[in-house]
Amino acid sequence: MQPETQPEGAPAVRVTAMPANANVYGDIFGGWLMAQMDLAASSVASHHARGRAVTIAVEGMTFHRPVFVGDEVSVYARLLKVGRTSMQVAVEAWARDRHSDDANKVTEANFAFVAMGPDRRPRPVVPLA
């Protein structure tokens, strides 16, 4: 089995996991990690929509490895699919010990968004090029 490679380009979010984000065993809460992924995905979706986009679903959230206090977490997001008003964003979170160059994928999921107009109703988005 080939080792996975970190996505190319800059992450949408890069943050250090802090003690306030951990349980009593020093593992980072999955909910905190999911929030970082939602931030990264929403950045991609709202940029493509050129306005407000709201999360409507998270599909296939899989945790592969734990994240520990002090790890640097890089979250990569890319637009997968665009519908009339919706967008699907693939998100991967990678973590590395702050004293190492080796990063590991810790979780991944697909986030679904809907573009919203000023009336808070779904609005059309530009098709994927």
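If you're wondering where the values come from, they're calculated on a predicted model, not measured in any experiment.

Participant: Which parts of the structure should I look at to understand the overall build of the protein chain?
Facilitator: The helix and strand tally for the protein chain stands at 1 helix and 5 strands. The secondary structure elements of the protein chain, listed N-terminal to C-terminal, are β-α-β-β-β-β. Viewed in the frame of its principal axes, the protein chain has a C-alpha envelope of about 45 × 35 × 20 Å. Split into buried and exposed, the 129 residues of the protein chain put 37% on the buried side. Split by element, the accessible area of the protein chain, about 7800 Å² in all, is 52% carbon and sulfur. Charge centroids of the protein chain, computed over 13 positive and 13 negative side chains, lie 13 Å from each other.

Participant: Any chance you could explain the pattern of salt bridges here in plain terms?
Facilitator: Side chains that differ in sign of charge can pair as their charged atoms come close. Across all of its chains, the model carries 5 salt bridges by this definition. Here Glu 4 makes a salt bridge to Lys 105, at a shortest N to O gap of 2.7 Å. Taken together, the positions of Glu 4 in the segment before strand 1 (13-16) and Lys 105 in strand 5 (residues 103-115) put the pair 101 residues apart, joining distant regions of the chain. You can call Lys 105 buried: its relative accessible area is 7%.

Participant: Would you explain the nonpolar core in this entry?
Facilitator: Nonpolar side chains in soluble globular proteins tend to end up buried together. In terms of nonpolar packing, the biggest core is built from 29 residues, with Val 67, Val 73, Val 75, Met 87, Val 89 and Phe 113 touching the most fellow members. Mapped by element, the contributors of at least two residues to this core are helix 1 (30-49), strand 3 (72-82), strand 4 (86-96) and strand 5. Tallying contributions element by element places helix 1 first for this core, with 8 residues. Apart from residues lying up to four places away in sequence, Phe 113 is in contact with Asp 38, Ala 41, Ser 42, Ala 45, Ala 53, Val 54, Thr 55, Ile 56, Thr 85, Ser 86, Met 87 and Val 89.

What counts and what doesn't
Residues numbered from 1 in each chain as written. Predicted model: local features only at pLDDT ≥ 70, side-chain atom pairs only at ≥ 80, totals over all residues. Heavy atoms only, no water. Helix = DSSP H or I, 4+ residues; strand = E, 2+ residues; numbered from the N terminus. Buried < 20%, exposed > 50% of the residue type's maximum accessible area, 1.4 Å probe, protein only. Areas by Shrake-Rupley, 256 points an atom, 1.4 Å probe, with all protein chains shown as cover. Lys, Arg positive; Asp, Glu negative; His and termini not counted. Charge placed at Lys NZ, Arg CZ, Asp CG, Glu CD. Salt bridge = Lys/Arg side-chain N within 4 Å of Asp/Glu carboxyl O. Core = buried A, V, L, I, M, F, W, Y, C linked by side-chain atoms within 4.5 Å. Contact = heavy atoms within 4.5 Å.

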